[in-house]
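Fold and geometry: a report
What follows is the residue order along each chain.
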Amino acid sequence: MKKSLVHGYEQVALVLQGGGALGAYQAGVVEGLIKAGIEPNWVAGISIGAFNTAIIAGNPPEQRFSALRAFWQEICSPNYSPTLGLFAPWLSMLGDKARYGVNSFEATRTLLEGQRGFFRPRFPLPIFGKKYTPDEVSHYRTDELRVTLLKYADFDRINQGDIRVSVGAVNVRTGNLTYFDNTDTTLTPEHFMASGALPPGFPAVMIDGEYYWDGGLVSNTPLAHIVDHLSHKDTLIFQVDLWCAHGQLPTNFFDIDERTKDIVYSSRTRMVTDQLAVRARHRHLLKSLLEKIPTKQRDAITAQAAALAADDARVNIMHLIYQDKGYEGHYKDYEFSTLTMNEHWSSGLKDIERTLAHPAWFEKPSEEDMVVTHDVHRK
């Protein structure tokens, strides 16, 4: 029954936003899709979403859950100090204030030590002396991340093209957002690492003589890339965001930092969704007008260009947005404890199961609507 939810769509896209440690929420969503037998044929990611993209596209469906689980367990392991997550059975009994303190400790540990298989502090820091290249100037080294990606993702499979893969990064020199796509590029671990190279924490990554930073500096969601390449195909999109635009008014500097991240990293999704709806209506109108003009009266060049613009693809977006917990703070994107990772994962699984429980949402939009969005948290 669940497979019929995607019946009639020519494309099923999974769109993964950036958000550091919050990315375990996306892994929970993927687990739910696997259980439901829903197989995306296009996965696009930014930052931590790009790392998840590599694991998803780099494994056959029957191995994705175990690969994602192993990947997240590894990067959520401390480099040196023991984690308070060892006391998980007792931590769940604490109130929000106590738990806030525990999470703050874990985030501080991450800043000081890094995370196993992901990043380690750079020593000495490149502050004085010679002029450095962009891949030498950062607080942390990410050499281990390349090894980890190769451990859990088969890049030959990624480049076979069974699943279309797109990851976004910013060219440090030009400031332009670039999408690396397996339809025209042989993807390597460096392309995914570049998508998650958030400065000044992580170093820029060189690809074909150019340095790249985290794609979230320009747009934290690859939804726009999907929208620009629909190719007239009716598309079902699972848009998995890690930052919620709505939130409480800040009462201190830490709250301001958290709200700033929420607004900056979530706003692009709202903007792209709104623009998509307007564009779809215009394209449908243009297509209707073209059909009323006799073929002999159309200028060949104008008609060809207009026909390309008159895309009548219907788009249905299942929007899943991570919801903050009361004890989380401004450090939530770099609090990598195993305990919190499991909670994020469970939230993602719960949200996708609630979404799949609404089969009517999966019906293709009408010609009048063209684009619809659904969100279980929408009030």
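Residues numbered from 1 in each chain as written. Predicted model: local features only at pLDDT ≥ 70, side-chain atom pairs only at ≥ 80, totals over all residues. Heavy atoms only, no water.

The protein chain appears in an unreviewed UniProt entry as Membrane protein from Formosimonas limnophila.

1. Remarks on the pattern of salt bridges
Quick note on the threshold: Whenever Lys or Arg places a side-chain nitrogen within 4 Å of a carboxyl oxygen from Asp or Glu, that contact is recorded as a salt bridge. Every helix listed is a DSSP run of H or I at least four residues long, and every strand listed is a run of E at least two residues long, numbered separately from the N terminus. Relative accessibility decides the category of a residue: with a 1.4 Å probe and only protein chains considered, values under 20% of the type maximum give buried, values over 50% give exposed, and everything between is partly exposed.
In this structure the tally under the stated criterion is 18 salt bridges. Lysine 35 is the salt-bridge partner of glutamate 31, the closest N and O atoms lying 3.1 Å from each other. Here the residue glutamate 31 and the residue lysine 35 both occupy positions in helix α1 (residues 24-35), the gap between them amounting to four residues, near one helical turn. According to the relative accessible area criterion, glutamate 31 is buried, its value standing at 11%. A salt bridge links aspartate 234 to lysine 364, with the shortest nitrogen-to-oxygen separation between them at 3.0 Å.

2. Let's talk about the pairing of strand β1 (residues 11-16)
What counts is decided by this rule: What makes two strands pair is DSSP finding at least two bridges between them.
Across the six residues of β1, six count as buried, placing the element largely inside the fold. The alternating pattern of β1 places Gln11, Ala13 and Val15 on one face and Val12, Leu14 and Leu16 on the opposite face, and all of these are buried. Examined bridge by bridge, β1 and strand β9 (residues 235-241) share six bridges and lie parallel to one another. Looking across to β9, one finds that alanine 13 is bridged to isoleucine 237. Examined bridge by bridge, β1 and strand β2 (residues 42-46) share four bridges and lie parallel to one another.

3. Thoughts on the nonpolar core
This is how it is decided: The set of buried Ala, Val, Leu, Ile, Met, Phe, Trp, Tyr and Cys residues whose side-chain atoms join them within 4.5 Å is what this entry labels a nonpolar core. Any pair of residues with heavy atoms lying within 4.5 Å of one another is described as a contacting pair.
Among the nonpolar cores identified, the biggest contains 70 residues, and Leu14, Trp72, Ile158, Phe192 and Phe238 are the most heavily contacted of them. At seven residues, the largest contribution of residues to this core is made by helix α2 (residues 48-57). Among residues more than four places away in sequence, those in contact with isoleucine 158 are Ala54, Ala57, Gly58, Ala153, Ile163, Val165, Asn182, Leu187 and Phe192. Judged by nonpolar contacts, the second largest core, of 17 residues, contains Ala44, Ile237, Val315 and Val371.

4. Examining α1
Using the following cut-off: Multiplying 1.5 Å by the helix residue count minus one yields the expected span of that helix.
Given a rise of 1.5 Å per residue, twelve residues ought to cover 16 Å, and the 17 Å separating the end C-alpha atoms of α1 matches this to within 8%. Within α1, ten of the twelve residues are buried, leaving the element largely enclosed by the surrounding structure. Three or more residues of α1 are buried, namely Ala24, Tyr25, Gln26, Ala27, Gly28, Val29, Val30, Glu31, Gly32 and Leu33. Where α1 is buried, its residues touch β1, α2, α3 (61-75), β9, β10 (315-321) and α12 (338-356). Positive backbone phi, approximately 75°, marks glycine 37, located one or two places after α1.

5. Notes on the environment of arginine 173
Operational definition: Two N or O atoms count as a polar contact when they lie within 3.5 Å, although within protein this holds only if one can serve as hydrogen donor and the other as acceptor, and sequence-adjacent residues are included solely when both atoms are side-chain atoms.
By the element assignment, arginine 173 lies in the loop between β5 (164-171) and β6 (177-181). Through-space distance from the C-alpha of arginine 173 to that of tyrosine 212 is 8.3 Å; in sequence the pair is 39 residues apart. A polar contact of 2.7 Å, which involves the side chain of arginine 173, links it to the side chain of glutamate 210.

6. Comments concerning the packing of aromatic side chains
Basically, it comes down to this: Think of it this way: a Phe, Tyr or Trp ring, Trp meaning its six-membered ring, pairs with another when their centres are within 6.5 Å, and the plane angle makes it stacked under 30 degrees, edge-to-face over 60, tilted otherwise. Two conditions define a charge sitting above a ring: the NZ of Lys or the CZ of Arg must be within 6 Å of the ring centre, and it must be within 35 degrees of the ring normal.
Considering all chains together, one arrives at 17 aromatic pairs under this definition. Pairing phenylalanine 118 with phenylalanine 202 gives two aromatic rings, centres 5.6 Å apart and planes at 50°, and the pair type is tilted. Pair noted here: phenylalanine 118 is in the loop between α5 (96-113) and β3 (120-121) and phenylalanine 202 is in the loop between α8 (189-195) and β7 (205-207), with a separation of 84 residues, a long-range link. Comparing phenylalanine 118 with phenylalanine 202 shows no difference in burial state: the two are buried. On the basis of an interplanar angle of 50° and a centroid distance of 5.0 Å, the ring pair of phenylalanine 119 and phenylalanine 202 is categorised as tilted. Of the two residues, phenylalanine 119 is situated in the loop between α5 and β3 and phenylalanine 202 in the loop between α8 and β7; the sequence distance between them amounts to 83 residues. For the pair phenylalanine 119 and phenylalanine 202, a shared accessibility class is recorded, and that class is buried. We note arginine 69 situated over the ring of tryptophan 345; from NZ or CZ to the ring centre the distance is 4.4 Å. Arginine 164 extends its terminal NZ or CZ atom over the ring of tryptophan 42, reaching a point 4.1 Å from the ring centre.

7. Description of α12
With 19 residues, α12 should reach 27 Å at 1.5 Å per residue; the first-to-last C-alpha distance of 27 Å fits that figure. Within α12, burial applies to Leu339, Thr340, Met341, His344, Trp345, Ser347, Gly348, Leu349, Asp351, Ile352, Thr355 and Leu356.

8. Remarks on the environment of lysine 151
Tracing the sequence through the fold places lysine 151 in helix α6 (residues 143-152). A residue is classified by how much of its surface remains accessible, and lysine 151, at 54% relative accessible area, is exposed. Residues lysine 151 and phenylalanine 71, spaced 80 residues apart in sequence, show a C-alpha to C-alpha distance of 8.7 Å. Here the side chain of lysine 151 touches glutamate 74 through a polar contact of 3.1 Å, side chain to side chain.

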